Every structure is written in structure tokens, then in C-alpha cells.
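Report on the structure
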Amino acid sequence: MTRSGTPLLAVRGVVKRFPGVTALGGVDFDVRAGEVHCLLGQNGAGKSTLIKVLAGAQRPDEGELRWQGEVVSFDNPMDAMRTGVAAIYQELDLVAGLSVADNVFLGHEPATAGFTRRTEARRRTRALLERLGHPDIPADRDAGRLSAANQQIVSMARALSRDGRLLIMDEPSAVLDQDEVRTLFRVIRELTAQGVAVVYISHRMEEIREIGDRVTVLKDGRTVATGLPARDVRTADLIKLMTGRDLEYVFPDRKPLDPTASVVLTVRGLAAPGRFSGVDLTVRAGEVVGLAGLVGSGRSEILEAVYGARKPSAGTVEVDGKRLRRGSVSAAVRAGVGLCPEERKSQGLLLDQAVYRNITVSTLPAFARFGFLDSGAERARSRELTTALDVRPPGVDRAVRTLSGGNQQKVVLARWLLRECRVLLLDEPTRGVDVGARSEIYELIRDLAQRGVAVVVVSSDVEEVLGLSDRVLVVREGRVVHEGPAQEIDESRVLDLVMEGTAA
Amino acid sequence: MTSAPATSPSATSPSDERVGSSRLLDRLVVRPEIGALLGALLVFAFFSVVTEQFLSTGGVATWLDDASTLGIMAVAVALLMIGGEFDLSAGVMTASTALVTAILATRLGWNVWLALFASLVFALAVGALNGWLVMRTGLPSFIVTLGTFLALQGLNLGITRLVTGSVQVSGMRSTDGYSSAGLLFASTFTIGGTSFYVSILWWILFTAIAGAVLVRTRFGNWIFAVGGSALSSRAVGVPVVRTKILLFMTTAGAAWLVGSINILRFTSVQANQGIGLEFQFIIAAVIGGCLLTGGFGSAVGAAIGALIFGMARQGIVYANWNSDWFQLFLGVMLLAAVLVNNALRRRAERVRR
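These numbers were taken from a predicted model, which means no experiment stands behind them.

**Here we look at a nonpolar patch on the surface**
All names here are of chain B. A contiguous nonpolar patch, built from Phe46, Val49, Val50, Trp321, Trp325, Leu328 and Val332 and spanning about 730 Å² of accessible area, is present on the exposed surface. Those elements that place two or more of their residues in the nonpolar patch are α2 (34-50) and α14 (325-352). Relative to the helices and strands, Trp321 is located in the loop between α13 (299-318) and α14. Owing to a relative accessible area of 39%, Trp321 belongs among the partly exposed residues under this scheme.

So this is what it looks like as C-alpha cells:
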């Protein structure tokens, strides 16, 4: 590390607030030309917000960015790109229907009097793809028809076509298989050798050690350590930096589990090719079981398979000893299984419908008389539930869209309360829920369990999984690597299992 | 450029060839206009066999003329649809522009050229308003242009009745500059003893320009991009708002061209003309391979879609069938074209895996 002089990009005291939440509370770090700078932090530590600030998609409320020593401010992604900063997001943003070359040069097409010089665009695209070690990607293929890995390469080519000097990569390996990750690393090495800097976000320690130069750790929107040597820093130290925050919310007390309680959900040998395999899981009435793991580890897919939304290739799911038909949501729902999906807004809620209709939608036959819905009864029943759950603002006729994240989640929970389901599957139940409302959600989940529901919770927030569950399963790359009572394992041990897969 | 070039040239050249040959078929199959082309050939062959006049030069002149004004609009609407928007006011706009020209020329005694210019300005202003409203409010263009459609329809009738006391404006023949303007927009030319309307040339010219803009220019690239993903396009600096407003203005401009052709040929215009045509434009564009969701389509395809319209409408007349059958034919044609396009695209998508 003898590179001296001013850093390529210096981040100083960046603060970003959203209504009710401070996403970034003071971030400082430097990125040098030619280095791979890894950003590490738990879910909610502020990584995504930071990426958006660096790439010009969000403006910071305080603090400054210095590009080669000069203060810069990005009003939009174009500004950032013109300066030389480009983000390569996980959800790829190429325009399907346009060719690779058209995508690379979109917005700055080489043109004479308005006519694009296609041959030149194609030639320069080929040169860029070659520079990225991918001469195999055809420059005139429809970009929407490329694999995720190749789309990522095209995004990188686009950044380089604008003379990108700093690439921000948000968990690029999440959509890649092992070979593709190796190729990506080769590309990154070649780029950094040419002086390009990369900000690399990943949770996987082995990747950080292999590709990273320095590490910055974020916790609760602040830099807690920066400039750590990626190859030598101890995993235990990193984990200590990432965890150990002040408790902002309380978890409800666990009642001792009734050992005679009947087993409600039994999953045996569940497998889906390329996603997960050999998953066994039993949940008793009144028990909360947590699944911890990284995004992409297969935890959400396991829930979907239990719910029947994803057809498993092997294994069985039983509810109250009755075997469910594979891959059938209606069979699961009839047996009393409920799912609160991760994408609450797109999958779980009818956003423009009234609160009461969202609550009763899974139980409509109960409110039907000769085929006509008794909306008075729907409202009355919903009112009882929203009062009990303290949904605010009250009023069952308002559109769900107008509620905050926490209150939307309560509406979803109310739906399953009304249905009196036997098994409740919760995927990231507190995503987008502000800190204050979390405790209430936890309380509700506990309540549901107390009524004899078997609950399975998936969360990226390790603390949440441990605080909420009676028993914890750790999932890594589609396999359950640990199972045991929640009290007998701590946060750093789980993170260690999740990130390294080895004993600490 | 470190170690890669050492291995890549030998590795890539054979694979390039392989990719090239399989891509030729691949590319042919995913061309948006392929369904329309097949349909056009089918319709052409069918009526050539079933009727005698269809293939006569007089017959050809008739169905080409029928297709021409529809074709101009279909091509403009196709560009707009590729850009991800609709314009329901396009049909009634062809009447509005004709009415503006006719009223200015016959009632106020303006020179026809001046009246045409004023009418063009009016059309472009309405197009810009459509685009501005859509971009400004973020409302679907379907709704916004439904509003302008109804408003223009009311204006057409209301103003015509106010000015003339009836629902038509006529008397263009005796206006200043009628003959010179008519030469440009409504004359005929003769090939092999048969007269063809000049509107056919306008149609071909307009299609050629639109096609070239779409595939050869930056603006064409932007049309596909804003229709495919407006967000991504904005993020890389494509002027999304300007592109879409220009597309609405293009549609309105095309409606002016068609309105001018009509008023100069027929010398009178009904205030309720053009209503319902907007769907014919969209149908022709969809037969031509445009997706309702934007980001995909072709100008030439839309022109062929209009050709199918013209051939079928006139072919049914030549076959002495009741014209009621035209709608049935249209529905079947639309479904067939969409199904074929869809199946081919699916197949193309499977090829890549």
C-alpha cells in the first residue's frame, strides 16, 4: 500500500435521513485508484443508501464527497457517471430489446448529424467487452436475452464506455455461479491493474479475502472502522465491529415451550435443484423457529416451497400429520398455512384496496351470503382486529398504501389472525418497518404462537432471528448448517456460520 | 488488455461464425414485422385468386390508396407505441386539422398554404400538450389522450356548427392556392394508364423516414429505450421527456398530413370524421409487430399492417361480399398476427438457452 496522494473518492461525514429514520449517520471512507474497497455491514447498516448517495441516486443531507480532492455533488446518476462513478446494481438495469452495443452507448451514442455510427459503436463495444475478458458476448445481441452474469459485464462495459473510474458493485456474486464469480474476479483484477477503483459489497468473507484490498465496516449508518487490510483482518474482529449495537427494541419474553405440544409442521428432505436440498424442519404448536442466512442462501425459497408456491423436486411437507400435495398453494392454504412474503408490497397486499378488504381477502367465503359479500360484517370484524393490533391511523376504509410499513405488516398479520391458520411463514417480517414499530410486530408474532400457531421466521437480521425464535436453523448455500435452541447460540457465531461456514 | 488477447482471437473467430449463422435465422424470426409480412402475403394471395379486379392495376391503385392514409397514421402511432405511449386523439385529429384548414380558407378567405401552416401549428401544439400532460402528471397516456380525444370531438362539432350552421365545411375548390396545394397533397400520377393517388407516395416516404429514424439515428435508439425502460434510460442520460413529447408531436403531425390530404382531395369535411380510426391505427401497428407494452416494434411492420387493412377492405368489395364481414376478418387477422408474433418471440427466447 504505497499509493500516495489524494484518494480518488473521499467520503466525509455523509448523513442521509428519511422520514422517521436516519439511514446514514456519518459515513467516512476513502477509495484509492486501483483498489478494491469492500463495504461490510449487517442488513440495515446503510449500505444500500450509501451506494445510492455515491451513485447520485440520492442526495446526502450533510457531508461531502471529494473526487480527486475536489468537492463534488451529484444531482442525478448522470452527474455521477460524468464524473466517473457508476453503480452496478443487483437488479440489472439494461434496456431489454436494445442490443448490447446500443445499451452500452445509450445516451451517448457516437453519431454524425443524429445518425448513429453503428459500426463504431459495435467496434468500441467489442473492444470494451474484450477488455472485460468477455469477447464472447455478441455486441448486437438483444441485451434482455443475456444471462444475468453477462448482463453484469455489459453494465460494466457501459460504465467503462463513459470512462468510469470507480465502479460500485452491490453483491455482484449473488446472481452468479462459482465459475462466473471466478471470471468476475479476473475482470476486477484487470480493471484495478488499469487504475479503476472498485467498491465491492459482499457478505462472503472468502470473497472479501480473495478480491479485496481494504475493508470499511458500517454499523447503524456509521463508519465503525475503515481501511482494514482485507487479507489479514480477523473475521472475529469484523463480526465484533458489525454487531454489538445498542438494543433499540425489545423482544418479548419466551414462554417455556410445552413439551407435549403437538408437532404441526413437518418438513422432510425438501429439495429444489440449485436452490436448497435436504431440508428437515419440525415446528410444534406455539413454537417460533427462525431461519438465518444470507440473501440468496435459499431461506426464502424454502418458505415458498413449504407454501407450495415453488415446486420442490423431492421431500414432503405435512401439516398436522397430513401430507400436502407438492407445489400446490391451495392445498397449503386449505391445510392452514399462511405466508407473509418478503415483497409485502408486490406479493402480499392489495395496496389500493381498503384495509378491511386486505384483512378479509383470504377469508371471503365466511362473509358471503348467497354469494354476496356482507361488507358490514367484513368491516366490523376488521375493526376488532385493527383495534387489537393497534393499527394506526385507525379506520378500516383507508387504502393500505397510505399506511406506514409497520402498520402494513400488521394488516398482513391481521389477515392470518382472522384465518386462524395453523402454520405461519414470515419472510423478513420487519423489512421497511421502523424501529419503533418493530417491538409491536414481535409482540404480535409471539401472541400468534401463544395461540398455538406454528411460526417460521426468515430474517437477514441475525439479532431478530435470535431474539424472536425458540429454535434457530442456519442456512448457507441451500443447506441447513446448524440447528439448535436460540439461547444456545449468539450473534457472532451465527454470522460466522453464515459468512465462513467454518467453526470459529 | 493484459493476457487476454493472447488466447482470445483463436478462440473467438470460429465461435463467431457459428453464432453468426444461427443468428441469421434467429434474427429473421424475431423481426417484429415477420407476422405482418406473412399475413400480407396470405391476404394478397387469397384475394388474387378469389377476385379478378384485385390484381388489375386499377384494383392495386385502389387498395394502395385505401392503405396509404391509414398507413401514415399507423407508422406514426407505431413509433409512439414503441416509445411506450398511446394516442387515442389521433383519429379525430385527422378531422380537426382538416376542419381548421377548411374553415380558415373558406370562411376567413386565407390562402390555403397559410391555412395549412396554421393547421400544422395547431396540430403540433395539441401533440405537445398531450405529451406534456402525460409526462407532467405521470398519468397513463391512454387516459390523457382519451380526454383530448373527447375534447377535440366536441370542438370539431361545436365550432363547425357555430361557423357554418351545419356539421360540414365545404367549398375548398374555390379558395386561393387550392390547386397548388392540391398538387402536392391530392393529385394523381399515372403508371401504365392507371392513376395512382399521390398519398401513396407520402405513405412510402413517411414510412421510409420513420424506419430510418428508428433504426439509424440516436433518436430512434431513444424511442426504443424510453419504451423499454424509461427509468434506466433516464439514469443514463436519455432525454425521456423530450423524446416522448416529440413522439406525440409526430403523431399529431402525421394526422395533419392525413387531414390535409383528405380536405384537398374531397374539398369538404364532416365534423364527425375520424372517430374510431384511432383503434384502426393501433390495430395496424400491433399487426405490424408493436407490443402494447412498448420497447418493441417496427415502422415498416405498421405500414404492412395498414396494407393488410387496405387489401382486405377492398378485396371484400371485389369479392362482392357484404362489408360486414370486414370486421370479422379484421379480428381474425389481428389475433393471428399477434399469436404468430408471440410464438416466434417465445421460440427465439428458447433458442438462447
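**Quick look at the environment of Gly35 of chain B**
Residue and element names in this part refer to chain B. Turning to its location among the elements, Gly35 is positioned in helix α2. The spatial distance from the C-alpha of Gly35 to the C-alpha of Glu278 is 22 Å, given a sequence separation of 243 residues. Among all residues touching Gly35, those that are not within four sequence positions of it are Val340 and Asn341.

**Thoughts on the interface of chain A and chain B**
On the side of chain B, 27 residues touch chain A, which itself brings 29 residues to the contact. Carbon and sulfur atoms supply 54% of the area that chain A and chain B bury against each other, a total of about 2,500 Å² over both sides. It is Leu106, Glu109 and Arg145 of chain A in chain A that bury the most area against chain B; as a group they hold 22% of the surface buried on that side. The tally of links from chain A across to chain B stands at one salt bridge. Here Glu109 of chain A ties to Arg218 of chain B by a salt bridge, and the two come within 3.2 Å at their closest N and O atoms. Linking chain A with chain B are eight residue pairs in polar contact (both at pLDDT 80 or more). If you list the elements that add at least two residues to the side of chain A that touches chain B, you get α2 (77-83), β8 (115-116) and α4 (118-131) of chain A. Residue classes in the side of chain A that touches chain B are distributed as twelve nonpolar, six polar and eleven charged.

**Describing the confidence of the model for chain B**
All names here are of chain B. Confidence in the prediction of chain B, expressed as mean pLDDT, is 88, and 90% of residues score 70 or more. Every residue in residues 1-21 scores below 50 in pLDDT, and together they form eight contacts with partners more than four places removed in sequence or on other chains. In the predicted complex, the global pTM is 0.76; the interface-specific ipTM is 0.80.

**Here's the deal with the packing of helix α8 (residues 235-242) of chain A against helix α17 (residues 491-499) of chain A**
Residue and element names in this part refer to chain A. Across the interface, α8 lies against α17 with an axial gap of 10 Å and an inter-helix angle of 125°. Between α8 and α17, the interaxial angle falls into the category oblique. In this structure, α8 crosses over α17, and the sense of that crossing is right-handed. Judged by residue contacts, Thr235, Ile239 and Met242 of α8 engage Ser492, Leu495, Asp496 and Met499 from α17. Taken together, the residues that form the contact of α8 with α17 break down as four nonpolar, two polar and one charged.

**A look at empty space enclosed by the protein**
A full pass over the atoms with the stated rule returns seven cavities of 30 Å³ or more. Estimated volume of the largest cavity: approximately 70 Å³. Split by residue class, the lining of the largest cavity holds four nonpolar, three polar and four charged.

**Brief notes about the sheet that holds strand β10 (residues 197-201) of chain A**
Note: strands within a sheet are paired through backbone hydrogen bonds, in either parallel or antiparallel orientation. Residue and element names in this part refer to chain A. Taking strand neighbours across the sheet as the criterion, the six strands line up as β6-β9-β10-β3-β11-β12 in an open arrangement whose pairing is mixed. A strand with exactly one partner marks an edge of an open sheet, and here the two such strands are β6 (85-88) and β12 (222-229). Across the sheet, the axes of successive neighbouring strands diverge by a mean angle of 20°, strand direction being ignored. Each of β6 and β9 (166-170) touches helix α5 (residues 148-161); the most contacted strand, β6, lies at about 170° to it. Together, β3 (36-40), β9 and β10 form the strand contacts of helix α6 (residues 178-193), whose direction differs from that of β10 by roughly 145°.

**Let's talk about the side chain of Thr267 of chain B**
All names here are of chain B. Along the chain, Thr267 falls in the loop between α11 (240-266) and β4 (268-270). Given the relative accessible area of 10%, Thr267 is considered buried. When residues no more than four places from it in sequence are discounted, the contact partners of Thr267 are Val169, Ser170, Gly171, Met172, Arg173, Tyr178 and Asn262.

**Some remarks on α4 of chain A**
Residue and element names in this part refer to chain A. An ideal rise of 1.5 Å per residue puts 20 Å on 14 residues; α4 measures up with 20 Å between its terminal C-alpha atoms. Considered for burial, the residues of α4 that qualify are Glu120, Ala121, Thr125, Leu128 and Leu129. Looking down the long axis of α4, one finds its buried residues gathered within 165° of arc, a one-sided arrangement. Opposite the packed face of α4, turned more than 90 degrees from it, sit the exposed residues Thr119 and Arg123. One or two positions beyond α4, positive phi appears at Gly133, with a value near 75°.

**Side note on the sheet that holds strand β15 (residues 288-292) of chain A**
Residue and element names in this part refer to chain A. A sheet is described by the order of its strands in space; here six strands give the open sequence β18-β21-β22-β15-β23-β24, paired in mixed fashion. Because the sheet does not close on itself, it has two edges, and the strands there are β18 (337-340) and β24 (479-485). Each adjacent strand pair in this sheet contributes to an overall mean axis angle of 15°, direction not counted. Sheet analysis places β18 next to strand β21 (residues 423-427), joined by four bridges and oriented parallel. Along β21, the bridge assignment pairs Cys340 with Leu426.

About the cut-offs
- Residues numbered from 1 in each chain as written.
- Chains lettered and ligands numbered in written order.
- Predicted model: local features only at pLDDT ≥ 70, side-chain atom pairs only at ≥ 80, totals over all residues.
- Heavy atoms only, no water.
- Patch = residues over 30% accessible without salt bridge, like charges linked within 9 Å, V, L, I, M, F, W, Y side chains within 5 Å.
- Areas by Shrake-Rupley, 256 points an atom, 1.4 Å probe, with all protein chains shown as cover.
- Salt bridge = Lys/Arg side-chain N within 4 Å of Asp/Glu carboxyl O.
- Helix = DSSP H or I, 4+ residues; strand = E, 2+ residues; numbered from the N terminus.
- Buried < 20%, exposed > 50% of the residue type's maximum accessible area, 1.4 Å probe, protein only.
- Contact = heavy atoms within 4.5 Å.
- Buried area = accessible area lost by both parts, 1.4 Å probe.
- Polar contact = N/O pair within 3.5 Å; in protein donor to acceptor, adjacent residues only side chain to side chain.
- Nonpolar A, V, L, I, M, F, W, Y, C, P; charged D, E, K, R; others polar.
- pLDDT = per-residue confidence, 0-100.
- Axes fitted to C-alpha atoms, helices over the stretch in contact; angles between N-to-C directions.
- Parallel < 35°, antiparallel > 145°, perpendicular 65-115°, else oblique.
- Left-handed = near helix turned anticlockwise from the far one by under 90°.
- 1 Å grid on protein atoms, 1.4 Å probe; cavity = no way out; pocket = protein on both sides within 12 Å on 5 of 7 lines; lining within 4 Å.
- Points joined across faces, edges and corners; volume = space filled by probe spheres on them.
- Pairing = 2+ DSSP bridges.
- Expected span 1.5 Å × (residues − 1).
- Arc of directions from axis to C-beta.

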